[in-house]
Each structure stands twice: as structure tokens, then as C-alpha cells.
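Here is what each chain is made of, one letter per residue.
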Amino acid sequence: RGKGCAQCNYTGYNGRMAVAEVWTTSDNDIILMNKGAGVEQLRKSSRQSTTFMAEDAMEKLLHGKTNLEELIRALPFSAVSQFRNLGGDAEAVTA
């Protein structure tokens, strides 16, 4: 945890930052939607173009934008579990 300063009222934090899960539709996702593909087929395709919450959190941690203590406090376990089940790891985030 940061030591803090007068500007952050000695908390070590200044402001807020979102940790989010974002799906950016790919061309393949759009084609599947236009063809009326089923939910499971679209879900499988969308995983290729989704930044998962734990992946976003790990990237912010590795770039020094937050610290591990804050991520443990804020990140739901379900997001970490999902990231692990999909084969996510810290090395993939830094690549």
C-alpha cells in the first residue's frame, strides 16, 4: 500500500479507476449475429474478443496503476475463477 501524501489525505490512493470486462465485437461476432446463430456459438466466438475483468485488473497491476491489496479487495472471486478457467495467466497479459 502506498504511503500517501497530503494530496490523497495519506490514504495512498487518488481518484478511482474502473476494472471492467469489455466485449469488442469482432467481424465474426457480427456475422454470427446477422445469421441468427445460437447463444452458445456467439458466446464461444465472443471470448476471442473479450477483455475479462481479471485480465484488465492484472494489466493495471503490472503497469503500476494499482496494487495487489486493492485488487484483492475489489475484484470478485468469480472474475478470477473465470479467468483461470479460460486459461488466463499473468504472462499472457504482458505479451
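Residues numbered from 1 in each chain as written. Predicted model: local features only at pLDDT ≥ 70, side-chain atom pairs only at ≥ 80, totals over all residues. Heavy atoms only, no water.

Lay out the overall build of the protein in plain terms, naming residues and giving numbers.
Helix and strand counts for the protein stand at six helices and two strands. Counting helices and strands in the order they occur from the N terminus, the protein gives β-α-α-β-α-α-α-α. When the 95 residues of the protein are sorted by exposure, 20% land in the buried category. If you take every contact in the protein between residues at least 6 apart in sequence, the share linking residues at least 24 apart comes to 57%. (Helix = DSSP H or I, 4+ residues; strand = E, 2+ residues; numbered from the N terminus. Buried < 20%, exposed > 50% of the residue type's maximum accessible area, 1.4 Å probe, protein only. Contact = heavy atoms within 4.5 Å.)

Tell me about a nonpolar patch on the surface, and name the residues and values.
Side chains of Trp23, Ile30 and Met33 sit close together on the surface and give an oily, nonpolar patch of about 270 Å² of accessible area. Mapped onto the elements of the fold, tryptophan 23 is located in strand β1 (residues 22-23). (Patch = residues over 30% accessible without salt bridge, like charges linked within 9 Å, V, L, I, M, F, W, Y side chains within 5 Å. Areas by Shrake-Rupley, 256 points an atom, 1.4 Å probe, with all protein chains shown as cover. Salt bridge = Lys/Arg side-chain N within 4 Å of Asp/Glu carboxyl O.)

Can you explain helix α3 (residues 53-62)? Please cite residues and give values.
Within α3, burial applies to Ala54, Asp56, Ala57 and Lys60. Each buried residue of α3 lies within a common arc of 160° when the element is viewed along its axis, so the set occupies one face. Looking at the buried side of α3, the elements it contacts are β2 (50-51), α4 (68-74) and α5 (77-85). Directly beyond the C-terminal end of α3, a positive phi value near 75° is found at glycine 64. (Arc of directions from axis to C-beta.)

Outline the pattern of salt bridges, supporting the account with residue identities and numerical values.
By the definition in use, this model includes three salt bridges. Note that aspartate 56 and lysine 60 form a salt bridge whose closest N and O atoms lie 2.7 Å from each other. Remark: lysine 60 and aspartate 56 occur in helix α3; sequence separation between them is four residues, near one turn of the helix. In this structure, glutamate 70 engages arginine 73 in a salt bridge whose closest nitrogen and oxygen atoms are separated by 2.6 Å. Of this pair, glutamate 70 and arginine 73 both sit in helix α4, three residues apart, which is roughly one turn of that helix.

Run through the environment of arginine 43, naming residues and quoting values.
Considering the arrangement of structural elements, one finds arginine 43 in helix α2 (residues 39-46). The class for arginine 43 is partly exposed, based on a relative accessible area of 38%. Through-space distance from the C-alpha of arginine 43 to that of aspartate 29 is 8.9 Å; in sequence the pair is 14 residues apart. In this structure the side chain of arginine 43 is engaged in a polar contact, spanning 2.5 Å, whose partner is the side chain of glutamate 40. (Polar contact = N/O pair within 3.5 Å; in protein donor to acceptor, adjacent residues only side chain to side chain.)

Without other data, these values stay purely geometric and don't point to any function.
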